[in-house]
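Geometric and topological summary
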Amino acid sequence: GELDGLGLLQCYGFSTLPTKLARSEAEAGTIAEAIGWPVVMKIVSPQILHKSDAGGVLVGIKTIEEAKRAFSQIIANAKKYDPAAFLDGVLVQKMAPRGDEVILGMNRYELGPVIMFGMGGIFVEIFKDVVFRVAPFNRGEAYRMIREIKGYKLFTGFRGRPKADIHVLERSMIQLSDMVVHHPEIVELDINPLLVHEEGKGATVADCRIILKPAPVRP
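Observations concerning helix H3 (residues 64-81)
With 18 residues, H3 should reach 26 Å at 1.5 Å per residue; the first-to-last C-alpha distance of 26 Å fits that figure. Listed in full, the buried residues belonging to H3 are Ala67, Ala70, Phe71, Ile74, Ile75 and Ala78. Buried residues in H3, looked at end-on, bunch into an arc of 130°, giving them a common side. Those residues of H3 that are exposed and aimed more than 90 degrees away from the buried face are Arg69 and Lys80. Considering only its buried residues, H3 is in contact with strand S1 (19-22), helix H2 (25-35), strand S2 (39-44), strand S3 (57-61) and strand S4 (89-94).

Shown next, in the form of structure tokens:
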């Protein structure tokens, strides 16, 4: 689940957002007020991996009443999308500051864990502007990966945009490389989007998905 996934990413140095699970309208309102406005709310279900496709994500929620209505709407959308899905509840998460959306991903093959990096959010499906490396790799390889994608110019202050915090992005890629090498039970992973803020302000995990299976037992 995303909540546990965020906890694991925190252990490897990723910056995450305040996030709690709500199981009722009233709890959603209470949690959202405690976290601070605005918030994002997302469905939590092991059967619904692509939350947006299910109408399971609402953003920019600014009041207790909006949070209560969002909870009911998200649950209703999820039930309509997959009537058989088990619904754990709804995550309430602080909205992240603005940043460039990138994706960090991993799939495990016989040759080892393969890390993907590229432009994130909806752009990963539209442009497929991504590169791959087998983990583990070092800071120099992360440096080269970032500069290989076509969207790299967006990070450099292109046409008055603020420069992105590329140094933190490089570090994030190494942190992910270390994590998947240390944990062979992770077979697939997506951090999408990772929001890369302007230079000096870091990067924030906005959403993650981690798929596990028992690691092979070595003789």
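Description of the sheet that holds S3
Where strands meet in a sheet, backbone hydrogen bonds hold them as pairs that are either parallel or antiparallel. Pairing is antiparallel across the open sheet formed by four strands, whose spatial order is S1-S4-S2-S3. Looking at which strands have only one partner, the edges of the open sheet turn out to be S1 and S3. Taken pair by pair, the neighbouring strands of this sheet meet at an average axis angle of 25°, ignoring direction. By the bridge criterion, three bridges tie S2 to S3 in an arrangement that is antiparallel. In the sheet register, Met41 faces S3, and the bridge partner there is Leu58. Here H2 sits on the sheet and contacts S1, S2 and S4; the angle it forms with S1, its principal contact strand, is near 165°. Packing against the sheet, H3 makes contact with S1, S2, S3 and S4, and its axis sits at approximately 30° to S2.

Some words on the confidence of the model for the chain
Low pLDDT means the predicted atomic positions in that stretch should not be read closely. Considering every residue of the chain, the mean pLDDT works out to 94; 98% of them sit at 70 or more. Mean pLDDT per element in the chain: helix H4 (residues 123-126) is the minimum at 78, and H3 is the maximum at 98.

With respect to the side chain of Thr16
With respect to the helices and strands, the residue Thr16 is situated in the loop between helix H1 (2-11) and S1. Looking at Thr16, its side chain comes within polar contact range of the side chain of Gln10, at 2.7 Å. Those residues in contact with Thr16, other than ones at most four positions away along the chain, are Leu6, Gln10, Thr204 and Val205.

Quick notes on the environment of Glu188
Note that Glu188 resides in strand S8 (residues 186-196). In this structure Glu188 comes out as partly exposed when scored by relative accessible area, which is 24%. In this structure the C-alpha to C-alpha distance between Glu188 and Ile210, which are 22 residues apart in sequence, comes to 5.9 Å. The contact partners of Glu188, leaving out residues within four places of it in the chain, are Met106, Asn107, Arg209, Ile210 and Ile211. A polar contact of 3.0 Å, which involves the side chain of Glu188, links it to the side chain of Arg209.

So, the packing of H2 against H3
Contact geometry of H2 with H3 gives a least axis separation of 8 Å together with a crossing angle of 135°. Considering their axes alone, H2 and H3 lie oblique with respect to each other. In the packing of H2 onto H3, the handedness of the crossing is right-handed. Listed contacts from H3 to Glu25, Ala26, Ala28, Gly29, Ala32 and Glu33 of H2 are Ile64, Ala67, Lys68, Phe71 and Ser72. Classifying every residue of the contact of H2 with H3 by side-chain character gives six nonpolar, two polar and three charged.

Thoughts on the nonpolar core
Within the largest apolar cluster, 36 residues are counted, with the highest numbers of intra-cluster contacts made by Phe117, Phe155, Leu169, Met173 and Ile191. Listed by contribution, the elements that provide at least two residues to this core are H1, strand S5 (100-109), strand S6 (112-119), helix H5 (139-148), helix H6 (166-182), S8, strand S9 (203-205) and strand S10 (208-212). By residue number, the principal contributor to this core is H6, which donates eight residues. In contact with Phe155, other than residues within four places in its own chain, are Asp100, Val102, Phe117, Met119, Ile146, Ile149, Lys163, Ala164, Ile166 and Leu169.

Some points on the pairing of S2
Counting buried positions along S2 gives six out of six residues, so the element sits mostly inside the fold. Side chains Val39, Met41 and Ile43 of S2 all project onto a buried face; the interleaved residues Val40, Lys42 and Val44 project onto the opposite face, where all are buried too. Direction of pairing for S2 relative to S4: antiparallel, over a ladder of six bridges. The residue of S4 that forms the bridge with Val40 is Gln93.

What about unusual backbone geometry?
Of note, the bond from Ala135 into Pro136 is cis; its omega dihedral lies within 30 degrees of zero at 5°. With respect to the helices and strands, the residue Pro136 is situated in the loop between strand S7 (130-134) and H5. At Lys128, a residue that is not glycine, the phi angle is positive and equals roughly 50°. One can find Lys128 in the loop between H4 and S7. Assessed through its relative accessible area of 60%, Lys128 is described here as exposed. Positive phi, normally seen in glycine, also occurs at Arg159, with a value near 50°. By secondary structure assignment, the location of Arg159 is in the loop between H5 and H6. With relative accessibility at 78%, the residue Arg159 sits in the exposed group.

Conventions used here
- Residues numbered from 1 in each chain as written.
- Predicted model: local features only at pLDDT ≥ 70, side-chain atom pairs only at ≥ 80, totals over all residues.
- Heavy atoms only, no water.
- Helix = DSSP H or I, 4+ residues; strand = E, 2+ residues; numbered from the N terminus.
- Expected span 1.5 Å × (residues − 1).
- Buried < 20%, exposed > 50% of the residue type's maximum accessible area, 1.4 Å probe, protein only.
- Arc of directions from axis to C-beta.
- Contact = heavy atoms within 4.5 Å.
- Pairing = 2+ DSSP bridges.
- Axes fitted to C-alpha atoms, helices over the stretch in contact; angles between N-to-C directions.
- pLDDT = per-residue confidence, 0-100.
- Polar contact = N/O pair within 3.5 Å; in protein donor to acceptor, adjacent residues only side chain to side chain.
- Parallel < 35°, antiparallel > 145°, perpendicular 65-115°, else oblique.
- Left-handed = near helix turned anticlockwise from the far one by under 90°.
- Nonpolar A, V, L, I, M, F, W, Y, C, P; charged D, E, K, R; others polar.
- Core = buried A, V, L, I, M, F, W, Y, C linked by side-chain atoms within 4.5 Å.

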